[in-house]
Amino acid sequence: MAGLLLALLPFLALMGFAQPAIDDYDNAATVARLGRWGAQWYWYTHWSGRFVAIGVSTAFNPLSYGPRQEAAPTGLWALRGMLLLLASGLIVAVQQVFRAVQLLLAKPDATPARGFAWALTLAVMVLGYNALPEPFTLLYWYSGAVNYVLPLVLTMAFAAAAIRTLLLPPGAPGRQRRATMATLCLVGAVGGGEIAMLGCGVLLAGLGAWLWAVPGRALPIPVPGARRVWAVWMVAGVITAGLLLGAPGNWQRLGMADPDAAGRLHRWVLLLPRTLLTAARMAARPPVAGAVLVLAMAVLLTATGPRRPRPNRRALVLVLGGYVLLNCVGVAFLKAAFMRDMWVEAMPGRVVNVLVLQLLISTAALALWAREWLVIRPAWLQHRAATSILIASTALLLVTGQARRAWQELLFMAPAYSQQMQARYEALATASRQQAAEAVLPPLWLLQAQGLLAPIPSARQRADVHIELFQDANQKNNLFLAHYYGIPRVRLAEEPPQQQ
């Protein structure tokens, strides 16, 4: 446990050094120009139907409050606080999912220990952060965190609240409150993004199968009241999905994409094999595959007492099929809507971040279900031997993954990054107050930059989304910053030096 906390610490500590970037400035400048409701409508009609995530980003963006001529952006610490709040919300939501699954599987005369759900949550978050392909866009970029973490938090909260609701009989204390919470979380998740919308669709389908299709009611629930609540969730989800998918901005954004030279028919003909290949490649990355194995074995080896009978074939098919579908539907969406490669094309790292965490959370939940009846008998898996193997495997993953890089950036890069960004803010504020025609900024010079806190272009690594500026004032990042500060042109003084 102490080792997991130590591995999680640098990821959270680096949030104290996070800086505004890219869309954060553009969002704040658009709010200043159009107003909050006007900006929300603009994004909905010109960019994306994610009205919940964009609404939160627009309403609570700290950069849109206060004057811009300060020596640092207004609300810098508020922005970092929002990042910590989102990270904490994800941890709590995942813990609630595992707690709900524990209660769902608990024997009538037993109360599951709360500590196990927290320990499993900590393991999932540490191994998940360690396996992220692009931590910046999920952990340290305000707009990215709101657009990708918030829908995941709401999806997990819906799953937890829904299970807890269905476990209570009609009229039980707290049932109405949990049902309402589940509904609000469902609407927020579906309205927050396409990946969350698809995930919630799979969860709703799984709950429906639980209520109608599982023979013998393997998990006792008060069916009459549960089905009515499920129907309300379905209606709320469908209406919200319609608002998200019907946004004019979705179609305008698709129209901006390059035409597919190979035609669109192959997207559907090859959708299934392309989805399976891409999902398999994502899961086969050593940090991800290792985390999946460690989590699954750690949960399965905690089984104690008499086992339940093995579920019947239909229940096995429903659970395993739901697990596969949950972890493939997001990939299928990207392949069908955006990807143009005939077979396997790399997905945006900011989306893979969410899919990796979703994979690890669902794997842990699946292992909790399987340990109730699955018996592992090999002699080498004795308690002490298994514990030693799991600890060694976890340590190896953390030493070779993003956790090691997070410590490096926290100790060797973050202070210099903060100082250099402060110098930029002072130069920008001065140019804005003096109404200068151009602001020329020094380039970042960062040692040990691994692409976590401050992904900048380099020969070694170019993140899908980066924060560094260019000599060319017409580049997107330069334009966003100039727009925010009200300066005609912003550019670098020289080419960024090669990272060492």
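The structure under discussion appears in the preceding block.
Residues numbered from 1 in each chain as written. Predicted model: local features only at pLDDT ≥ 70, side-chain atom pairs only at ≥ 80, totals over all residues. Heavy atoms only, no water.

Draft legend 1. Main features of the side chain of T275. Along the chain, T275 falls in helix α14 (residues 271-284). Sequence-distant contacts of T275, defined by excluding residues within four places in its chain, comprise C328, V331, A332 and K335. (Helix = DSSP H or I, 4+ residues; strand = E, 2+ residues; numbered from the N terminus. Contact = heavy atoms within 4.5 Å.)

Draft legend 2. View of the packing of helix α1 (residues 2-13) against helix α6 (residues 114-131). Where α1 meets α6, the axes come as close as 9 Å, and the angle between the chain directions of the two elements is 50 degrees. Taken together, the axis directions place α1 and α6 in an arrangement best described as oblique. Two packed elements cross with a definite hand, and for α1 against α6 that hand is left-handed. For the pair α1 and α6, the contacting residues are L4, L5, A7, L8 and F11 in the first and L122, A123, V126, Y129 and N130 in the second. Its residues assigned to classes, the contact of α1 with α6 comprises nine nonpolar, one polar and no charged. (Axes fitted to C-alpha atoms, helices over the stretch in contact; angles between N-to-C directions. Parallel < 35°, antiparallel > 145°, perpendicular 65-115°, else oblique. Left-handed = near helix turned anticlockwise from the far one by under 90°. Nonpolar A, V, L, I, M, F, W, Y, C, P; charged D, E, K, R; others polar.)

Draft legend 3. Inspection of unusual backbone geometry at higher detail. For Q435, which is not a glycine, the phi torsion comes out positive at approximately 55 degrees. Inspection of the secondary structure puts Q435 in the loop between α19 (402-433) and β1 (438-441).

Draft legend 4. Geometry of the packing of helix α2 (residues 23-34) against helix α3 (residues 36-46). Here α2 crosses α3 at 120 degrees, and the two axes come no closer than 7 Å. In terms of orientation, α2 and α3 fall into the oblique class. Note on packing geometry: the crossing formed by α2 with α3 is right-handed. When α2 is examined against α3, the residues D26, N27, T30, V31 and L34 are found in contact with a partner set consisting of R36, G38, A39, Y42 and W43.

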